[in-house]
Protein chains: 2
Amino acid sequence: MTKRRYGQHCGIARGMELVGERWAILIVRELLLTPRRYTELLRRLPGIPTNVLATRLKELEAEGVIERKVTPRPGSGVVYDLTPYGRELEDILLRLWRWGISALPVSQDSGRPSMDPAVRALQASFRPEMAAEVNAKFEIWFGTFVMHATVDQGRLEIGPGASPAPDLIIDCRSSMTPLLKGDVTADECVESGRFWITGDRELLGLFGDLFRAPSEAAQ
Amino acid sequence: MTKRRYGQHCGIARGMELVGERWAILIVRELLLTPRRYTELLRRLPGIPTNVLATRLKELEAEGVIERKVTPRPGSGVVYDLTPYGRELEDILLRLWRWGISALPVSQDSGRPSMDPAVRALQASFRPEMAAEVNAKFEIWFGTFVMHATVDQGRLEIGPGASPAPDLIIDCRSSMTPLLKGDVTADECVESGRFWITGDRELLGLFGDLFRAPSEAAQ
DNA sequence: CCGGATCCTCGGTGATACTG
DNA sequence: CAGTATCACCGAGGATCCGG
């Protein structure tokens, strides 16, 4: 099994040897939030052939990026998780997310977003430099999904599930992507019916400032 | 020419569609420092087939990552350069460099480093958080190559060529990689003969602090 | 059901030769 | 110098099968 190499003594080339093969980064992406089982990965990566998934998992494990764990729990399952080294990719992936979203076609917003892309989207769009001294609790609804985003002294805590005492609830009747891309303002989202909000409306502008992928890319 | 897609409405997947194909990121890497001609890229990317280079260049151009420019200068050349959008990848590539270098085998240091990897290496290893209030001019020699790194009020200016009035000159008799990886200290590099230095030796420790890829990766 | 392995086809990659 | 043309090969894609 001679892996494809670039033969350059360079960190970038080496990095791409580790996670540059097709589907590899998306597998890492899937493991960013939580460990996953083989069939979960298959389901969450529509289009990946089973043999490619199996091959990538073995390669990533051999390279020390992910770990295969056999859970002793009832039902004896196998889960894949990131190693500490693999988890260091998180920051890179968030930046890649920001970069790539600029080149995303304006979707027809039809595909209702599942939870994880939404969590990642907000996480990647968070701008810490806008959050100094900020304290606010947001709750975001996507149809039947609920997630929370709490900013506490400039730190972001984000994940699925409701917020205990949200200052502002944003009910996304449509995708949040245009807001994150900077194509529209948060106020416009409310005015156009894209968002329905409950709570402290004053925080709406803050939300738009806190979560925004860089727009200089649009040029 | 149907490009390979992932079919996910996700910035990471989209980003990998743009620059995830084989050799694409290394082409971007080559353009990070300066525009390059076709044959320069061929020479600087040993092993890339000419048709693959041609294909990637066309794809990257179509995607808005790079630009093909016909220079009106004598000799009528074609050069490829990053677009502003493509240049936004710089930060991501530097982080990937940091991440990938941890998985680099301890090379036999034989291949004399060309200039650009060295510039990139230092650039990627720079830790701004260590540079507050720092003013220092370094000059680094690699055999016949010379580069400079000037830290001015925490800002780094780095590139090929000598420094006008260096505070410290580091003559690398061997690779700088072990230092950047944190395997050795700057002092040890001098003691072992890996570096020869001229100038203010007091700045040596500072240099080691300023330029160091994160070591928690090693574990 | 889970966690893959196997088989087959197709197209991208790698290597080389060639051209305006 | 800046690519095209040609071709062998192997990895991706897609489906199916299999042991626990």
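Residues numbered from 1 in each chain as written. Chains lettered and ligands numbered in written order. Predicted model: local features only at pLDDT ≥ 70, side-chain atom pairs only at ≥ 80, totals over all residues. Heavy atoms only, no water.

*Asks:* Could you clarify how one ought to interpret the overall build of chain A in this entry?
*Replies:* Looking only at helices and strands, chain A features 10 helices and eight strands. When the backbone C-alpha atoms are referred to their principal axes, chain A occupies close to 60 × 50 × 35 Å. Each of the 219 residues in chain A was classed as buried or not, and the buried ones make up 49%. Sequence-distant contacts in chain A: of pairs separated by 6 or more residues, those separated by 24 or more amount to 57%. Summed over its atoms, the accessible surface of chain A is roughly 10,300 Å², and 52% of this surface lies on carbon and sulfur atoms. Side chains of chain A carry 28 positive and 29 negative charges; the gap between the two charge centres is 9 Å. (Helix = DSSP H or I, 4+ residues; strand = E, 2+ residues; numbered from the N terminus. Buried < 20%, exposed > 50% of the residue type's maximum accessible area, 1.4 Å probe, protein only. Contact = heavy atoms within 4.5 Å. Areas by Shrake-Rupley, 256 points an atom, 1.4 Å probe, with all protein chains shown as cover. Lys, Arg positive; Asp, Glu negative; His and termini not counted. Charge placed at Lys NZ, Arg CZ, Asp CG, Glu CD.)

*Asks:* Hey, could you run me through empty space enclosed by the protein in this one?
*Replies:* Overall, the coordinates contain one cavity of 30 Å³ or more when judged by the stated rule. Of the voids in this model, the largest cavity is the one considered here, and its volume is about 110 Å³. Sorting the residues of the lining of the largest cavity by element identifies α1 (11-19) and α6 (89-101) of chain A together with α1 (11-19) and α6 (89-101) of chain B as the ones contributing at least two each. Residue classes in the lining of the largest cavity are distributed as 14 nonpolar, no polar and no charged. (1 Å grid on protein atoms, 1.4 Å probe; cavity = no way out; pocket = protein on both sides within 12 Å on 5 of 7 lines; lining within 4 Å. Points joined across faces, edges and corners; volume = space filled by probe spheres on them. Nonpolar A, V, L, I, M, F, W, Y, C, P; charged D, E, K, R; others polar.)

*Asks:* Please explain the pattern of salt bridges as it appears in this structure.
*Replies:* As a working rule, side chains carrying opposite charge can pair if their charged atoms are close by. All names here are of chain A. The tally for this structure, following the rule as stated, stands at 30 salt bridges over all chains. As a salt-bridge pair, arginine 87 and aspartate 81 come within 3.5 Å of each other at their nearest N and O atoms. The exposure class of arginine 87 is partly exposed, given its relative accessible area of 33%. Connected via shared salt-bridge partners are Arg29, Glu30, Arg36, Glu40, Arg44 and Asp116. (Salt bridge = Lys/Arg side-chain N within 4 Å of Asp/Glu carboxyl O.)

*Asks:* Honestly, the sheet that holds strand β4 (residues 135-142) of chain B in this entry has me stumped. Any pointers?
*Replies:* Strand pairing within a sheet occurs via backbone hydrogen bonds; the two strands may be parallel or antiparallel. Residue and element names in this part refer to chain B. Here five strands make up an open sheet; going across it, the order is β6-β5-β4-β7-β8 and the pairing mixed. Pairing within the sheet leaves two strands with one partner each, and these edge strands are β6 (155-160) and β8 (195-199). On average, each strand axis in the sheet is tilted by 15° relative to the strand beside it, whichever way the strands run. Pairing analysis gives five bridges linking strand β7 (residues 168-172) to β8, with the strands arranged antiparallel. Counted as the bridge partner of leucine 168 is glycine 199 from β8. Contacts from helix α10 (residues 203-210) reach β4, β5 (145-152), β7 and β8, with the element oriented near 85° to β4. (Pairing = 2+ DSSP bridges. Axes fitted to C-alpha atoms, helices over the stretch in contact; angles between N-to-C directions.)

*Asks:* Looking at this structure, how should I read the domain arrangement of chain A?
*Replies:* Domain boundaries in chain A define domain 1 (11-87) and domain 2 (108-217). Inter-centroid distance (C-alpha atoms) of domain 1 of chain A to domain 2 of chain A is 29 Å. (Domains from an automatic or database assignment.)

*Asks:* I would appreciate a short explanation of the nonpolar core in the present structure.
*Replies:* Proteins that are soluble and globular tend to have nonpolar side chains buried together. By size, the foremost hydrophobic cluster in this structure holds 136 residues, and its most contacted members are Leu122(A), Ile140(A), Leu122(B), Ile140(B) and Met176(B). Ignoring sequence-local partners within four residues, the contact set of Ile140(B) consists of Leu122(B), Phe145(B), Val146(B), Met147(B), Ala149(B), Ile170(B), Cys172(B), Met176(B) and Phe207(B). (Core = buried A, V, L, I, M, F, W, Y, C linked by side-chain atoms within 4.5 Å.)

*Asks:* It is not clear to me how the sheet that holds strand β7 (residues 168-172) of chain A should be interpreted in this structure. Could you clarify?
*Replies:* Residues and elements named next belong to chain A. One open sheet holds the five strands; their spatial order is β6-β5-β4-β7-β8, and the pairing between them is mixed. At either margin of the open sheet sits one strand with a lone partner, and together these are β6 (155-160) and β8 (195-199). Strand-to-strand twist across the sheet, computed as the mean angle between neighbouring axes with direction ignored, equals 15°. Pairing geometry for strand β4 (residues 135-142) and β7, over five bridges, is parallel. Counted as the bridge partner of glutamate 139 is isoleucine 169 from β7. Across the sheet, helix α10 (residues 203-210) lies against β4, β5 (145-152), β7 and β8, angled at about 85° from β4, the strand it touches most.

*Asks:* Please explain the relation of the copies chain A and chain B as it appears in this structure.
*Replies:* What relates the pair of chain copies is a rotation about an axis plus a shift along that axis. Each copy of the sequence occupies a distinct position, and chain A is placed on chain B by a rotation of 180° and an axial shift of 0.0 Å, giving an RMSD of 0.2 Å. Here the copies are linked by what is in effect a two-fold axis. Comparing interface residues between copies, 100% of those in chain A also lie at the interface in chain B; the contact surface is shared. (Least-squares fit on C-alpha atoms with pLDDT ≥ 70 in both.)

*Asks:* What is the right way to look at the protein's contact with DNA strand D in this model?
*Replies:* In the vicinity of DNA strand D lie 21 residues, with Arg22(A), Arg56(A), Thr50(B), Arg68(B) and Tyr80(B) positioned nearest. Backbone atoms, meaning sugar and phosphate, make up 68% of the atoms of DNA strand D lying within 4 Å of the protein. The separation between a phosphate oxygen of DNA strand D and a polar side-chain atom of Arg68(B) is 2.4 Å. Within the side chain of Tyr80(B), a nitrogen or oxygen atom sits 2.5 Å from a phosphate oxygen of DNA strand D. For the surface near DNA strand D, the elements supplying multiple residues, two or more each, are α4 (50-62) of chain A together with α3 (38-44), α4 (50-62) and β3 (78-82) of chain B. Residues of the surface near DNA strand D, tallied by class, amount to seven nonpolar, seven polar and seven charged. (Near = heavy atom within 4 Å. Polar contact = N/O pair within 3.5 Å; in protein donor to acceptor, adjacent residues only side chain to side chain.)

*Asks:* What is the right way to look at the environment of Glu61(A) in this model?
*Replies:* Within the element layout of this structure, Glu61(A) appears in helix α4. Other than its neighbours up to four places away in sequence, Glu61(A) contacts Ile66(A) and Arg68(A).

*Asks:* Which parts of the structure should I look at to understand α4(A)?
*Replies:* Along an α-helix, residues three or four positions apart point the same way, because every turn accommodates 3.6 residues. All names here are of chain A. Over its 13 residues, α4 extends 18 Å from the first C-alpha to the last, a length consistent with the 18 Å expected when each residue adds 1.5 Å. For α4, the full list of buried residues reads Leu53, Arg56, Leu57, Glu59 and Leu60. Looking straight down α4, one finds its buried side chains confined to an arc of 165°; they lie on one side. In α4, the exposed residues that point more than 90 degrees away from the buried face are Asn51, Lys58 and Ala62. Of the residues flanking the end of α4, it is glycine 64, one or two places downstream, whose phi is positive at about 85°. (Expected span 1.5 Å × (residues − 1). Arc of directions from axis to C-beta.)

*Asks:* Explain the protein's contact with DNA strand C here, please?
*Replies:* Near DNA strand C, the surroundings consist of 21 residues, among which Thr50(A), Arg68(A), Tyr80(A), Arg22(B) and Arg56(B) are the closest. Within the contact set of DNA strand C, a phosphate oxygen lies 2.5 Å away from a side-chain nitrogen or oxygen of Tyr80(A). The contact in question runs from a phosphate oxygen of DNA strand C to an N or O atom on the backbone of Gly47(B), over 3.5 Å. The set of elements that each furnish at least two residues to the surface near DNA strand C consists of α3 (38-44), α4 and β3 (77-82) of chain A together with α4 of chain B. Grouping the amino acids of the surface near DNA strand C by side-chain chemistry returns five nonpolar, eight polar and eight charged.

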